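In case you want the letters, here they are:
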Amino acid sequence: MAKKNDDPGIDLTVSIELDDGSTMECAVLLIYTTGGKEYIAVQPMEDLSDPEGRVFIYGYGVDKDGIPQLINIEDDDEFDAAIDAFDEHLDEVDFFDNVPEDMQS
């Protein structure tokens, strides 16, 4: 279930149920479209401060009641296309926008 988050800089979070039945709280990084389908990129809250932290890509949809749904991507080609589109978005974003110049390497 997606929800607003009180942490500064994080607009939306989602709880993902893992195979072992536990849940992992993730920040929604991006909802995007490629190949006519919608996808969502999320990152575990514990990894947000790590530039090499894990990012998960899922199919994204909304059910008949308007509730957001994360959908496992079963097809390898579709998954590769979703990752490529996310990577392209990252290439377009300047991650140093909020970092003082003297701290950039």
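Note that the structure is a prediction, hence the values are computed from the model and not measured.

Conventions used here
Residues numbered from 1 in each chain as written. Predicted model: local features only at pLDDT ≥ 70, side-chain atom pairs only at ≥ 80, totals over all residues. Heavy atoms only, no water. Helix = DSSP H or I, 4+ residues; strand = E, 2+ residues; numbered from the N terminus. Contact = heavy atoms within 4.5 Å. Phe/Tyr/Trp six-rings, centres within 6.5 Å; stacked < 30°, edge-to-face > 60°. Buried < 20%, exposed > 50% of the residue type's maximum accessible area, 1.4 Å probe, protein only. Patch = residues over 30% accessible without salt bridge, like charges linked within 9 Å, V, L, I, M, F, W, Y side chains within 5 Å. Areas by Shrake-Rupley, 256 points an atom, 1.4 Å probe, with all protein chains shown as cover. Salt bridge = Lys/Arg side-chain N within 4 Å of Asp/Glu carboxyl O. Lys, Arg positive; Asp, Glu negative; His and termini not counted. Charge placed at Lys NZ, Arg CZ, Asp CG, Glu CD.

(A) Quick peek at the environment of L70. On the secondary structure map, L70 appears in strand β6 (residues 68-71). In this structure, the C-alpha to C-alpha distance between L70 and V14, residues 56 residues apart in sequence, is 9.4 Å. Other than its neighbours up to four places away in sequence, L70 contacts V14, I16, I40, Y58 and G59.

(B) Spatial organisation of the packing of aromatic side chains. Enumeration over the complete set of coordinates arrives at 2 aromatic pairs. Taken together, a centroid distance of 5.9 Å and an interplanar angle of 35° make the contact between Y32 and Y39 tilted. Given the relative accessible area of 3%, Y39 is considered buried. The structure contains a cluster of three or more aromatic residues connected by ring pairs, namely Y32, Y39 and F86.

(C) Structural context of a negative patch on the surface. Together, D75, D76, D77, D80, D84, D87, E88, D91 and E92 give the surface a local cluster of negative charge. Note that E92 resides in helix α1 (residues 76-92). In this structure E92 comes out as exposed when scored by relative accessible area, which is 67%.

(D) Spatial organisation of the pattern of salt bridges. The tally for this structure, following the rule as stated, stands at 3 salt bridges. Among the ionic pairs, K37 bridges to E78, the shortest N-O distance being 3.6 Å. With K37 in strand β4 (residues 37-44) and E78 in helix α1, this pair connects stretches of sequence that are 41 residues apart. According to the relative accessible area criterion, K37 is partly exposed, its value standing at 42%. Take E78: its relative accessible area is 22%, and that puts it in the partly exposed class.

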